[in-house]
Amino acid sequence: MRKEWIFEDKFAQEKSLVKKLLLTRGINNEKDIYDFINPLEMNITSPDVFVDMPKVTERLESAINNNEVIVIYGDFDADGVTSTSILYKTLTHLGANVHYFIPNRESEGHGLDNKALIKLMTTIKPKVIISVDCGISDVEAVKFVNSFKVIDVIITDHHEAPDILPEAYAIINPKAQNSLSENLSAKQIEYLTYLAGCGVAFKVAQALLTRFEKTEFIYELLPYVAVGTIADIVPLLGENRYFVTKGLQLISQGKHYGLKVLLESAGYKVENGITADQIAFGVAPRINASGRLDTVESALKVLISDNPSEIQIAVTTLNELNKVRQKLCQEIFEQADEMVKKEGNKNPAIVLANSEWHIGIIGIVASKLVEKYYKPVFLMNFSEEKKEFRCSARSIEGVPLYDVLKENEDLFDGFGGHKLAAGLYFSEEKSSFEIVKKALNETVQNYISSDLKPFIKIDAKLEPLDISVNLVQELSKLEPFGAMNPNPIFEMDNLTIKQKRLMGSENNHLRLILGKDAFEMTAVWWGVGNLNVNPGDMIDIAFHPQINEYNGNISVQLILEDIHSDMLLDENIPQLKYKIYDNRTKTDILLNVNDYLKTTKLNVKIFAESKYILDTVKLYPEIYSRTFTREDIPVCDVVMFFDYPADKKTLDFILEQAQPKGLHFMNYEPKIFDEHEILKTFNGMIKYAANNNGGKIELVRCASFLAKSVEVVQKLLELYQKIGFINILDRSAGFYIVENVSIKSIEEVINNPLFVEIYSQMEECENFQRSLLEEDLEKIIF
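Residues numbered from 1 in each chain as written. Predicted model: local features only at pLDDT ≥ 70, side-chain atom pairs only at ≥ 80, totals over all residues. Heavy atoms only, no water.

> Can you break down the overall build of the protein chain residue by residue, with the values?
Secondary structure summary: the protein chain contains 28 helices and 26 strands in total. A principal-axis box enclosing the C-alpha atoms of the protein chain has dimensions of 115 × 65 × 50 Å. Counting only contacts in the protein chain whose residues sit at least 6 apart along the sequence, the fraction spanning at least 24 positions is 67%. Summed over all atoms, the accessible surface of the protein chain reaches about 35900 Å², with 48% contributed by carbon and sulfur. (Helix = DSSP H or I, 4+ residues; strand = E, 2+ residues; numbered from the N terminus. Contact = heavy atoms within 4.5 Å. Areas by Shrake-Rupley, 256 points an atom, 1.4 Å probe, with all protein chains shown as cover.)

> Now, about the confidence of the model for the protein chain: what can you tell me, with residues and values included?
Scored by pLDDT, the protein chain comes out at a mean of 90, with 97% of its residues at no less than 70. Confidence drops under a pLDDT of 50 for residues 570-576, and excluding neighbours within four residues, the segment shows 11 contacts in the predicted structure. (pLDDT = per-residue confidence, 0-100.)

> Which residues make up unusual backbone geometry, and what values go with them?
Residue Pro 480 is reached from Glu 479 by a cis peptide bond, and omega for that bond is 0°. Backbone geometry places Asn 67, a non-glycine residue, at a positive phi of 55°. Locating Asn 67 in the fold gives a position in the loop between helix 3 (53-65) and strand 2 (69-73). Non-glycine residue Ile 233 carries a positive phi angle of around 55°. The class of Ile 233 is exposed, set by a relative accessible area of 63%. (Buried < 20%, exposed > 50% of the residue type's maximum accessible area, 1.4 Å probe, protein only.)

> Please set out helix 2 (residues 30-37) residue by residue, giving values where relevant.
Taken as a whole, helix 2 has its buried residues at Ile 33, Asp 35 and Phe 36. What you see down the axis of helix 2 is that its buried residues fit within an arc of 165°, all on one side. Among the exposed residues of helix 2, those oriented more than 90 degrees off its buried face are Glu 30 and Lys 31. Packed against the buried residues of helix 2 are helix 1 (17-24) and helix 10 (239-252). Regarding helix 2, its N-cap is Asn 29, as a side-chain oxygen of that residue lies 3.1 Å from the backbone nitrogen of Lys 31 further along. (Arc of directions from axis to C-beta. Polar contact = N/O pair within 3.5 Å; in protein donor to acceptor, adjacent residues only side chain to side chain.)

> Explain the pairing of strand 22 (residues 638-641) residue by residue, including any values.
Burial along strand 22 is two-sided: Val 638 and Met 640 and Val 639 and Phe 641, pointing in opposite directions, are all buried. The pairing of strand 20 (residues 604-607) with strand 22 spans four bridges and is classified as parallel. Each residue of the ladder has a partner; that of Val 604, found in strand 22, is Val 638. Strand direction decides the pairing type here: strand 22 and strand 23 (residues 662-666), joined by four bridges, are parallel. Among the inter-strand pairings, Val 638 is bridged to a residue of strand 23, identified as Gly 662. Between the parallel pair strand 22 and strand 23, the chain is carried across by helix 22 (residues 648-658), and the sense of this crossover is right-handed. (Pairing = 2+ DSSP bridges. Right-handed = clockwise from strand over helix to strand, strands pointing away.)

> Which residues make up the sheet that holds strand 25 (residues 726-731), and what are the values?
Ordered by their spatial adjacency, three strands build an open sheet running 24-26-25, and the pairing between neighbours is antiparallel. Of all the strands in the sheet, the pair left with one neighbour each is strand 24 (696-698) and strand 25. When strand polarity is set aside, the average angle formed by the axes of neighbouring strands in this sheet is 35°. The sheet contact formed by strand 25 and strand 26 (residues 735-740) spans five bridges and is antiparallel. Residue Ile 728 lies in a different strand from strand 26, and its bridge partner there is Val 738. In the packing of helix 23 (residues 675-692) onto the sheet, contacts are made with strand 24, strand 25 and strand 26, and the angle to strand 24 comes to roughly 130°. Sheet strands in contact with helix 25 (residues 710-722) are strand 24, strand 25 and strand 26, and its direction is about 130° off that of strand 25. (Axes fitted to C-alpha atoms, helices over the stretch in contact; angles between N-to-C directions.)

> Hey, could you go over the pattern of salt bridges for me, with residue numbers and the actual values?
Inspection of every chain in the model, using the stated rule, returns 38 salt bridges. Of the charged contacts in the structure, one is a salt bridge between Asp 152 and Arg 59, with a shortest N-O distance of 2.6 Å. Within this pair, whereas Asp 152 is found in strand 5 (residues 152-156), its partner Arg 59 is found in helix 3, the two being separated by 93 residues in sequence. Taking the relative accessible area as the measure of exposure, Asp 152 reaches 22% and is therefore partly exposed. By relative accessible area, which is 12% here, Arg 59 ends up buried. With its nearest N and O atoms 3.7 Å apart, the salt bridge here joins Arg 626 to Glu 622. Overall, the relative accessible area of 25% leaves Glu 622 in the partly exposed class. Through salt bridges with shared partners, a single network forms among Arg 59, Glu 68 and Asp 152. (Salt bridge = Lys/Arg side-chain N within 4 Å of Asp/Glu carboxyl O.)

> I'd like to hear about empty space enclosed by the protein, residue by residue, with values.
All told, the structure shown has three cavities of 30 Å³ or more when counted by the stated rule. Roughly 160 Å³ of internal volume is contained in the largest cavity. Around the largest cavity, the lining comprises 15 residues; the ones closest to its centre are Asn 494, Met 538, Asp 540, Asn 583 and His 664. Put simply, the parts of the chain that give the lining of the largest cavity at least two residues each are strand 17 (538-550), strand 19 (579-583), helix 19 (590-599) and strand 23. The element that contributes the greatest number of residues to the lining of the largest cavity is strand 17, accounting for three residues. Considering only residue class, the lining of the largest cavity consists of seven nonpolar, five polar and three charged. (1 Å grid on protein atoms, 1.4 Å probe; cavity = no way out; pocket = protein on both sides within 12 Å on 5 of 7 lines; lining within 4 Å. Points joined across faces, edges and corners; volume = space filled by probe spheres on them. Nonpolar A, V, L, I, M, F, W, Y, C, P; charged D, E, K, R; others polar.)

> So what's going on with the packing of aromatic side chains? Which residues, and what values?
Under the counting rule described, the total for this entry stands at 21 aromatic pairs. Relative to Phe 426, the ring of Phe 389 lies with its centre 5.0 Å away and its plane at 20°, an arrangement referred to as stacked. With Phe 389 in strand 9 (residues 388-394) and Phe 426 in strand 11 (residues 421-427), the pair connects residues that are 37 residues apart, well separated along the chain. A relative accessible area of 0% places Phe 426 in the buried class. Between Tyr 644 and Tyr 668 the ring centres are 4.3 Å apart and the planes differ by 25°, which places this aromatic pair in the stacked class. Of the two residues, Tyr 644 is situated in the loop between strand 22 and helix 22 and Tyr 668 in the loop between strand 23 and helix 23; the sequence distance between them amounts to 24 residues. The same class applies to Tyr 644 as to Tyr 668, namely buried. Above the face of the Tyr 169 ring, Lys 55 is positioned so that its terminal group lies 4.9 Å from the ring centre. Directly above the ring of Phe 36 sits Arg 241, whose terminal nitrogen or CZ lies 3.7 Å from the centroid. (Phe/Tyr/Trp six-rings, centres within 6.5 Å; stacked < 30°, edge-to-face > 60°. Lys NZ or Arg CZ within 6 Å of the ring centre and 35° of its normal.)

> A description of the environment of Phe 455 should follow, citing residues and the corresponding values.
With respect to the secondary-structure elements, Phe 455 resides in strand 12 (residues 455-458). Overall, the relative accessible area of 42% leaves Phe 455 in the partly exposed class. Between the alpha carbons of Phe 455 and Trp 5 there is a distance of 5.5 Å; along the sequence they are 450 residues apart. When neighbours within four sequence positions are excluded, Phe 455 is seen to be in contact with Lys 3, Glu 4, Ile 6 and Tyr 374.

> Tell me what's going on with helix 27 (residues 755-774), and back it up with residues and numbers.
The first and last C-alpha atoms of helix 27 sit 28 Å apart over 20 residues, in line with the 28 Å expected at 1.5 Å per residue. When helix 27 is considered as a whole, its buried residues turn out to be Phe 755, Ile 758, Gln 761, Met 762, Cys 765, Glu 766, Phe 768, Gln 769, Ser 771, Leu 772 and Leu 773. The elements touched by buried residues of helix 27 are helix 22, strand 23, helix 23, helix 25, helix 26 (746-750) and helix 28 (777-781). (Expected span 1.5 Å × (residues − 1).)

> How would you sum up the environment of Ser 431? Please name residues and give values.
Structurally, the position occupied by Ser 431 is in the loop between strand 11 and helix 17 (433-447). A relative accessible area of 5% means that Ser 431 is categorised as buried. C-alpha of Ser 431 to C-alpha of Phe 389: the two residues are 42 residues apart in sequence and 9.5 Å apart in space. When sequence neighbours within four positions are dropped, the list of residues in contact with Ser 431 reads Leu 411, Phe 426 and Val 436. Reaching out from Ser 431, the side chain makes a polar contact with the backbone oxygen of Leu 411 at a distance of 2.7 Å.

So, in C-alpha cells, the structure goes:
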C-alpha cells in the first residue's frame, strides 16, 4: 500500500543532525542525551526493584542448596528460547538440578499447558517451576499446579497482565499490578515495562548471581539478552540499549561460539562487527523457524551447547528449517491474499481461517498482510481433531490488539499479547468463526478513523551533497536501532534513474543507480522485487544511508524504504482514481522537471493559465511545450498543476477531460486579490472582443485568463449591461455577444451593490486555490 510521507521540521533551528534526531525522539535533557549516546555507561536498575524478587532468589537458593528439581518452562519464539537459555545457563553455573521444557507450538501452544504440566510432574517431579516469557495469563493452570501442594510456581513474563493474576508463589512482570517498587520514577517504570521476556529473565539471573557473589557470569548472558530483545521488537530505550549494545559487542568479539557459527552461516562476518539488523534478519528468523516448524531443540543447542560438532549440526538444521519456513510463508501469503481479494477488502480488519495453514507460520503472514493492506489481521488455523481455532494477530498503530481482544474475551477460551501482536484460541463449541469475525471487525471499527493510512515519518530532507561516510558515522551514535528508536529515514527528491537491475537468486531485490545534478548514488530496496520504474524516470525516495564495503573500497549506499513515482500505481486503493504527488513545498525544481520531461515515457501535460506562470516556464522548453488551459484540455497520463484551478467545478472538468492517472500539485504562489487589477483586465478584454472579434466573449477563455470561474465572468457581464457599459446581444453556454457602449470608471462597478456578490465569488475562487495549496489534497479531490 502506498505510504504517505510525513515531515515536520520542529527543530529547524538545531544545527546538529544527531541532536535534532534525539529531540524528535523525545530525548531532550542533557543526562538523557548522554545516556542515550553512551549506553554502556548507563546505570542498570537493581533487580530488587521487583517486589517479589527477594522471594524468588530465596526460593531458588533453597532449591539449589537442597538439590530440588527446578524446571524452566519457556516459550517457542526467539524471546522465549533466549529467556530459557539465560536461566538454564545461570542455574547450571550455580550447581542447580535444573531442566527446561518448551511446549510444542502445534500440540501444546503458548503458556502453561495442563497436559504438559502433568507429564512434567510425573516424570521429572519438580519442586519449582519457573516460567519465562509466559504464564501471566495462566490463572487456571497455576491453580491446577497449586492443588497438588508440592510445587512452587514462579512466573517471569513481560506480556500484558490481566486484571486477575495467577496465584503464583511469586510474579516478576513489570506490567503486573503492584509488581514494582514505589520508589521508582515514572520514567524508570516506563523503561522497565519495555523489557522483553529475556530482559525479565536476566533480572532474575542478575539477582541470583549477586546473591551467590558470582556476578562476573553476567557477561556470559548478555548475548542472549541482545538477541531476545531485538527479536521481540521491544523498544530499544532505557536499559534495553545497554543490553543490546553490550551483547552485540560481546557477539562481535566471538564470545558466543554458537551465535558466531549461526551468523557466519547467514553470510555475516562477525569480526566486522554485528548490528541489530543482522540479528533481526540473520539470527531471529532461524531461531523462530525452529519453534514454528519443529521443536526448539536445534535452537537451544546453538545457544547453550559447548560441543562444536553438535552446534554445527544444529546450525545446519536451523538453516534448512528457515528455507522451509520461507517457502510455506509465501504459499500461505498468496492463499490469504487471494481470499482478501475475493472478499473485496471491505472490512476494517482481515479475519481469515484455513485448516491447512501451519500454526507456526500464520503470524509472519499476518505481518505481511498488515504491510500490504494497513489494517489489523487475524489469521486462524482450525484443528479438525480438537475442533479448535487458534489465531495469530498483528495490528497497526492506533488499534491496540490486547484491548480489542479484551473487549471480546467472552468469545475466547484464552488470549494474550501486546498492542501490535497477540494470539487467541477458542473451541467451535464456544464460538463460531463467523461470530468471532463479526465481533472483531466491529471492535476494530471503533478504533479506526477515516484518515488512518500508512505513513513513513521523514526525519530530514537531504541532497546528494549531504551523503557521505561521515554522515553514516555520525548517525551511528544513535545505534542500536530498533523499536521506538528506528533508523533515521531521509527524503531526497527529483532523482533520475540511470540504471536498474534485479538482484538475488529469485530476483527479489532491486538495485538502482540514481542521479541528480553531477552526483550518482547506488540505492538498494531489499525484498521488493521488480517495480514499474525504468531508466529515465524521475523519483523521490525515502531511505537510510549505509556503509558498503566491497573489495576494500568503502562507499555509501542508500537503503530504500519507499519510492514515490508516477509509474507506481497502488492496486490496493481502488477507490482513489488518481495518484497524487504533493510538490507544493518544493522550490527551484523547474530545471529538474524539464530534464525529467525529456526522458519520461509518460504523456505529461502542464496546466498553466496565468501570464506570470507562462512567462516563467517559457525558459524551459519541455515544460512550456506541454502547457494547456481549461480551453484545450488534452487526454494524458499525468497533469502537473503549475496553476491552480479557480473552483472545484473547473478542477473536476479538467480531470474528467484529461483522464490522468497521476496528479502533481506544484509550488504555487497565489497573487494578492486586487479587484481593480481584475476589472482593468476585464475591461481590456471587452474592448478587444468588441473591436476585433465581433463582440464575441468566450466565457471559458475569459475565465481562464482571469483565473476565475465562468460564473464570475457571466455575472460581471450582466452587471456591465445593467450599469450601461455594454449591451448583450446574445447569450449561449459557451459565449456572449456584446457591443461596447461606453466603459467608464471602475469605481462605478465596485460601488454597485451587485458587485458585492461578485466580489464574494472572486474571493471564493482565491480561497479554493489557497485550499489546494494548504489543505489535504485527497479530501478536496475525492
